[in-house]
Amino acid sequence: MKSQAAPITIVNAGYRSTNYWVVSAGESRSLVDIGWPGTFGIMKANLSRMDIPLRQIRYALATHYHIDHAGLAEEFKRAGVPLLVLDVQVDAIPVMKTWTKPWDNYVEITAEGNIVISFAESRPLLARIGISGEILHTPGHSDHCVSLLLDDGSVFTGDLPPEAYAYDNPVALASWEMLRRRGATIVYPAHGPVRVIDPDPEQS
Ligand SMILES: [Zn+2]
């Protein structure tokens, strides 16, 4: 018999205008977007203020490998939090270093210990930690952007430009169309407030 699933909770451990979402099924948690370089102390303080021990974070997922989204991935990994990487993201990881300066104190992400999966593998992997949902390819800001879509309609979209600003970005518009078709209703972006997904332009 399947045990009763814990309800999903979502909190924001963000700072410096960036949201770092902690998605939890009880004490089984995932972190969506992984801090600015050189700020592990701030991140740890925020998590501890919210009573989230690092050991309860089962995976860290970057929506994409830009410095405000994956800056602490290596530090988290060394602290015991595995880095979940989609196969389309692998090649973007080493490029991050080129956008950092020595004084950013960026700790370069190594391949060691990374858990690289396909999109199809995301649902069963998340199910094992009590989270019903999947990770989807949502290009539009970068080609390797991904979103976490929960079965309750919550979607973590990273820097996917809002549809109202994406009229000249057909790739982003296609990602929104796909998310809406898959049941996305509430958008948790990496910057700015949570919002209801824009109405389907075809229906309005
Ligand atoms: Zn960003």
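Residues numbered from 1 in each chain as written. Predicted model: local features only at pLDDT ≥ 70, side-chain atom pairs only at ≥ 80, totals over all residues. Heavy atoms only, no water.

Turning our attention to the overall build of the chain. Of the regular secondary structure elements, the chain holds 5 helices and 11 strands. Its C-alpha radius of gyration of 16 Å places the chain within 12% of the 17 Å reference for a compact globule of 204 residues. Here the C-alpha coordinates of the chain stretch approximately 50 × 45 × 30 Å along the principal axes. Taken across its 204 residues, the chain has 52% of its residues classed as buried. Total accessible area on the chain stands at roughly 9900 Å², and carbon and sulfur atoms take up 55% of it. Measuring between centres, the 17 positive side-chain charges of the chain sit 7 Å from its 23 negative side-chain charges. (Helix = DSSP H or I, 4+ residues; strand = E, 2+ residues; numbered from the N terminus. Rg over C-alpha atoms; globule rule 2.2 N^0.38 Å. Buried < 20%, exposed > 50% of the residue type's maximum accessible area, 1.4 Å probe, protein only. Areas by Shrake-Rupley, 256 points an atom, 1.4 Å probe, with all protein chains shown as cover. Lys, Arg positive; Asp, Glu negative; His and termini not counted. Charge placed at Lys NZ, Arg CZ, Asp CG, Glu CD.)

Turning to the coordination of the zinc ion, a few remarks are in order. The zinc ion binds to the protein through D68 (OD), H69 (NE2), D159 (OD) and H191 (NE2), with metal-donor distances spanning 2.0 to 2.3 Å. Between consecutive donors of the zinc ion, the numbers of intervening residues give the motif D-H-x89-D-x31-H. Here H69, found in helix α2 (residues 67–70), pairs with D159, found in the loop between β9 (154–158) and α5 (170–181); they are 90 residues apart in sequence, far enough to count as distant. Residue classification places H69 among the buried residues on the basis of a relative accessible area of 0%. Judged by its relative accessible area of 16%, D159 is buried. (Donors = N, O, S within 2.8 Å, 3.2 Å for Na, K, Ca; no water.)

Here the focus is the pattern of salt bridges. The final tally for this structure, using the stated rule, is 8 salt bridges. Note that R78 is salt-bridged to E74, the shortest N-O span being 3.8 Å. Here R78 pairs with E74, and both are found in helix α3 (residues 73–78), just 4 residues apart, close to one helical turn. You can call R78 exposed: its relative accessible area is 61%. Ionic pairing is found between K97 and E108, a salt bridge with its closest N-O pair at 3.7 Å. Linking K97 in the loop between β5 (83–86) and β6 (115–117) with E108 in the loop between β5 and β6, this pair joins segments that are 11 residues apart in sequence. With relative accessibility at 37%, the residue E108 sits in the partly exposed group. (Salt bridge = Lys/Arg side-chain N within 4 Å of Asp/Glu carboxyl O.)

The next point concerns the nonpolar core. One broad rule of soluble globular proteins: the nonpolar side chains tend to lie buried together. Counting residues in hydrophobic clusters, the biggest one holds 27 residues, and the most contacted among them are L31, I34, M43, L47, Y65, F76 and I109. Those elements giving two or more residues to this core turn out to be α1 (40–49), β4 (57–61), α2, α3 and β5. In terms of nonpolar packing, the next biggest core, distinct from the first, is built from 20 residues, W21, I117, I131 and Y188 among them. (Core = buried A, V, L, I, M, F, W, Y, C linked by side-chain atoms within 4.5 Å.)

Summarising burial for strand β7 (residues 133–137): 4 of the 5 residues are buried, a large majority. When β7 meets strand β8 (residues 146–150), the two strands line up antiparallel, connected through 5 bridges. When the bridges of β8 are listed, H137 appears paired with V146. (Pairing = 2+ DSSP bridges.)

For the rest of this paragraph, the subject is the packing of aromatic side chains. Counted under the stated rule, the structure contains 5 aromatic pairs. Ring plane angle 85 degrees and centroid distance 5.0 Å describe the contact between W21 and Y188, whose orientation is recorded as edge-to-face. Placement of W21 in strand β2 (residues 21–25) and of Y188 in strand β10 (residues 186–189) is noted, with a sequence separation of 167 residues between them. Between F156 and Y188, the aromatic rings sit 4.9 Å apart at their centres with planes inclined by 25 degrees, giving stacked as the arrangement. With F156 in strand β9 and Y188 in strand β10, the pair connects residues that are 32 residues apart, well separated along the chain. Note on accessibility: F156 and Y188 belong to one class, buried. Taken together, W21, F156 and Y188 form an aromatic cluster joined through their ring pairs. (Phe/Tyr/Trp six-rings, centres within 6.5 Å; stacked < 30°, edge-to-face > 60°.)

Taken in spatial order, the 6 strands of this open sheet run β1-β2-β3-β4-β5-β6, and their pairing is mixed. Each edge of the sheet is formed by a strand with only one pairing partner; in this case those strands are β1 (8–12) and β6. Across the sheet, the mean angle separating the axes of adjacent strands is 25 degrees when strand polarity is ignored. One ladder, built from 5 bridges, connects β2 with strand β3 (residues 28–32); its direction is antiparallel. From the neighbouring strand, A25 faces β3, where its bridge partner is S28. (Axes fitted to C-alpha atoms, helices over the stretch in contact; angles between N-to-C directions.)

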